[in-house]
Amino acid sequence: MNIVTLKPSKEKSLQRRHPWVYANAIDRVEGKPAQGATVLVRAHDGRFLARAAYSPHSQIRARVWSFDEAEPIDHAFFKRRVQRALAHRQTMVRNTGAVRLIFGEADGLPGLIVDHYTADDGRGQLVCQFMAAGVEAWKEAIVDALTGVTGCPNVYERSDVSIREKEGLEQITGVLAGDEPPETLIASENGVRYHVDVRNGHKTGFYIDQRDNRALVQQFAQDRDVLNCFCYTGGFSLAALKGGAKRVVSIDSSGEALALAQQNVTANAFDAARAAWLDADAFKTLRRLYDDGERFDLVVLDPPKFAPSREHVDRAARAYKDINLTGFRLLRPGGLLFTYSCSGAIDAELFQKIVAGAATDARVDARILKRLGAGVDHPLLTAFPEGEYLKGLLLQIA
Ligand code: SAH
């Protein structure tokens, strides 16, 4: 049997049900656990704490499967976890063909992301990211559980994420079950049709986490001039068009993303003349728009992760401040700013401070109307605050 025994008093975080065991908390390892093997985690005095997956190459040396001593880690375990995750989504998530089915630690499956797309033509597609040794070792059982529980036969892997290198795993993509995905599938969300490229798009193809926020933009877009910065395939832009925006200007530096965005305009039969797409650097373009005297009633800023880890926080803070400062300046009186950060290393409090600093420098009085985050299919475990990554603010200037 593989047993990991912790140093004295290092059991506290597991007793609070935090699901990670750091290498420096471990006193000794008995047996020779292979990569991803199940280990018994014990306190220094020998008490059972958890069953976990062993990651020999990572500083996060083990990730907890279960705190229940009576629960074995086997095929049935993965089936139960997927069933529980699906039951939660079925009752809570509506009006969408794009749902996050498994959100890692929050669903008791550390290191696993699974998104479930249901295309308008009825085709189902699961897209997975295996980001830790444990879920990698149980891949077959997980794919069986996913297809069995959801009834969706098509599973595609998008484990082309650099975080796998910390686990000693190579990046990999490909079909895990069923058929090759189509070039793009069309999934509808709140009445808007979106092309999703699960093979080459970002992450699993679509930013599912922004669903509720797209709905908010849709709600407030009527007759407004909208600027959507870092638009990707046009999620917020399409929502604004659906909501009756007068004009939507969108910026992204990815030509491929913008090509899909324009296909999305066609797929929804929106008037293409209401939408302008700028293939350009957002930082420069925001300033240029300001200098040109362009002004908007609603601005969305949803940049990529500026702070991949703690060392990058200062530089990232300056980048967030830069775009938010210009974002505020581009607003007409009474205008709305939807601003986001998906950097886990920048918490909600710091993000709000950065945005407040940007408002001061832009010389506007900004009021927070709402604090924003990911949808209910991206739950946050109270014992695992690290799971919070997406935060946003809806502000209005005087
Ligand atoms: N808001 C989008 C997701 C944004 S992801 C949605 O809801 O779907 C971040 C996007 O920023 C990516 O599409 C990426 O191509 C783009 N990007 C990254 N750096 C950029 C830059 N300097 N200027 C413009 N776009 C950039």
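About the thresholds
Residues numbered from 1 in each chain as written. Predicted model: local features only at pLDDT ≥ 70, side-chain atom pairs only at ≥ 80, totals over all residues. Heavy atoms only, no water. Salt bridge = Lys/Arg side-chain N within 4 Å of Asp/Glu carboxyl O. Buried < 20%, exposed > 50% of the residue type's maximum accessible area, 1.4 Å probe, protein only. Near = heavy atom within 4 Å. Polar contact = N/O pair within 3.5 Å; in protein donor to acceptor, adjacent residues only side chain to side chain. Areas by Shrake-Rupley, 256 points an atom, 1.4 Å probe, with all protein chains shown as cover. Nonpolar A, V, L, I, M, F, W, Y, C, P; charged D, E, K, R; others polar. Axes fitted to C-alpha atoms, helices over the stretch in contact; angles between N-to-C directions. Helix = DSSP H or I, 4+ residues; strand = E, 2+ residues; numbered from the N terminus. Left-handed = near helix turned anticlockwise from the far one by under 90°. Contact = heavy atoms within 4.5 Å. Pairing = 2+ DSSP bridges. 1 Å grid on protein atoms, 1.4 Å probe; cavity = no way out; pocket = protein on both sides within 12 Å on 5 of 7 lines; lining within 4 Å. Points joined across faces, edges and corners; volume = space filled by probe spheres on them. Domains from an automatic or database assignment. Parallel < 35°, antiparallel > 145°, perpendicular 65-115°, else oblique. Disulfide = S-S within 2.5 Å.

Caption draft 1: Geometry of the pattern of salt bridges. Going through the model one piece at a time under the given rule, you end up with 23 salt bridges. Between Asp27 and Arg28 there is a salt bridge, with the nearest N and O atoms lying 3.1 Å from each other. Judged by its relative accessible area of 39%, Arg28 is partly exposed. One salt bridge in this structure joins Glu136 and Lys139, with 3.3 Å as the shortest N-O distance. You can call Glu136 partly exposed: its relative accessible area is 22%. Salt bridges sharing partners connect three or more residues here, namely Asp225, Arg247, Glu294, Asp297 and Arg332.

Caption draft 2: Inspection of the site of the ligand at higher detail. Taken together, 15 residues form the shell around the ligand, and within it Asp252, Ser253, Asp281, Ala282 and Asp302 come nearest. In the environment of the ligand, a nitrogen atom lies 3.1 Å from a nitrogen or oxygen atom belonging to the backbone of Ser253. Taking Asp281, its side chain carries an N or O atom lying 2.7 Å from a nitrogen atom of the ligand. Starting from 590 Å² of accessible surface for the ligand in isolation, the protein chains cover 89%. For the shell around the ligand, the per-class residue count stands at 8 nonpolar, 3 polar and 4 charged.

Caption draft 3: Representation of the packing of helix 5 (residues 211-220) against helix 6 (residues 235-242) within the structure. As a packed pair, helix 5 and helix 6 sit with axes 7 Å apart at the nearest point and diverge in direction by 35°. At the point where helix 5 passes helix 6, the crossing takes the right-handed sense. Contact with helix 5, carried on its side by Asn213, Arg214, Val217 and Gln218, involves Gly235, Phe236, Ala239, Ala240 and Lys242 of helix 6 and no other residues of that element. Class assignment of the residues belonging to the contact of helix 5 with helix 6 gives a composition of 4 nonpolar, 3 polar and 2 charged.

Caption draft 4: Structural view of the side chain of Ser343. Of note, Ser343 is situated in the loop between strand 18 (331-341) and helix 10 (348-362). The class for Ser343 is buried, based on a relative accessible area of 0%.

Caption draft 5: Up close: the sheet that holds strand 15 (residues 247-252). Pairing is mixed across the open sheet formed by 7 strands, whose spatial order is 16-15-14-17-18-20-19. For this open sheet the edge positions go to strand 16 (275-279) and strand 19 (366-373), each flanked by a neighbour on one side alone. Neighbour to neighbour, the strand axes of the sheet diverge by 15° on average, direction disregarded. Here strand 15 pairs with strand 16 via 5 bridges, running parallel. Pairing of Ser250 across the sheet is with Trp277, part of strand 16. In the packing of helix 9 (residues 313-329) onto the sheet, the strands contacted are strand 17 (296-301), strand 18, strand 19 and strand 20 (391-397), and the crossing angle to strand 18 comes to about 155°. Strands in contact with helix 10 are strand 18, strand 19 and strand 20; relative to strand 20, the strand with the most contacts, it is inclined by about 30°.

Caption draft 6: Examining the layout of surface pockets more closely. Roughly 300 Å³ of volume is contained in the second largest pocket. Along the walls of the second largest pocket sit 17 residues, with Arg17, Phe67, Arg81, Arg84 and Gly108 positioned nearest its centre. Ranked by residue count, the leading element in the lining of the second largest pocket is strand 6 (residues 60-66), at 3 residues. Looking at side-chain class alone, the lining of the second largest pocket contains 8 nonpolar, 2 polar and 7 charged residues. Residue-level mapping places the lining of the second largest pocket at the junction of two domains, with at least three residues from each of domain 1 (3-66) and domain 2 (75-185).

Caption draft 7: Examining the domain arrangement of the protein chain more closely. Looking at the assigned domains, one finds that the protein chain contains domain 1 (3-66), domain 2 (75-185) and domain 3 (207-397). For domain 1 versus domain 3, the distance between C-alpha centres works out to 40 Å.

Caption draft 8: Broad picture of the packing of helix 2 (residues 75-92) against helix 4 (residues 139-150). Interaxial distance between helix 2 and helix 4 falls to 9 Å at its minimum, and their mutual angle equals 45°. Considering the angle they form, helix 2 stands oblique to helix 4. Seen from above, helix 2 lies across helix 4 with right-handed handedness. When helix 2 is examined against helix 4, the residues His75, Phe78, Lys79, Val82, Gln83 and Leu86 are found in contact with a partner set consisting of Ala141, Ile142, Asp144, Ala145, Leu146, Val149 and Thr150.

Caption draft 9: Broad picture of the environment of Gly293. Residue position: Gly293 is located in the loop between helix 8 (282-291) and strand 17. Residue classification places Gly293 among the partly exposed residues on the basis of a relative accessible area of 45%. The spatial distance from the C-alpha of Gly293 to the C-alpha of Leu330 is 8.3 Å, given a sequence separation of 37 residues.

Caption draft 10: Spotlight on the state of the cysteines. For the structure on display, the rule yields 0 disulfides. No disulfide involves Cys229; its sulfur sits 8.4 Å from that of Cys231, the nearest cysteine. Cys229 provides the cysteine sulfur closest to Cys342, a residue in no disulfide bond, and the two sulfurs are 14 Å apart.

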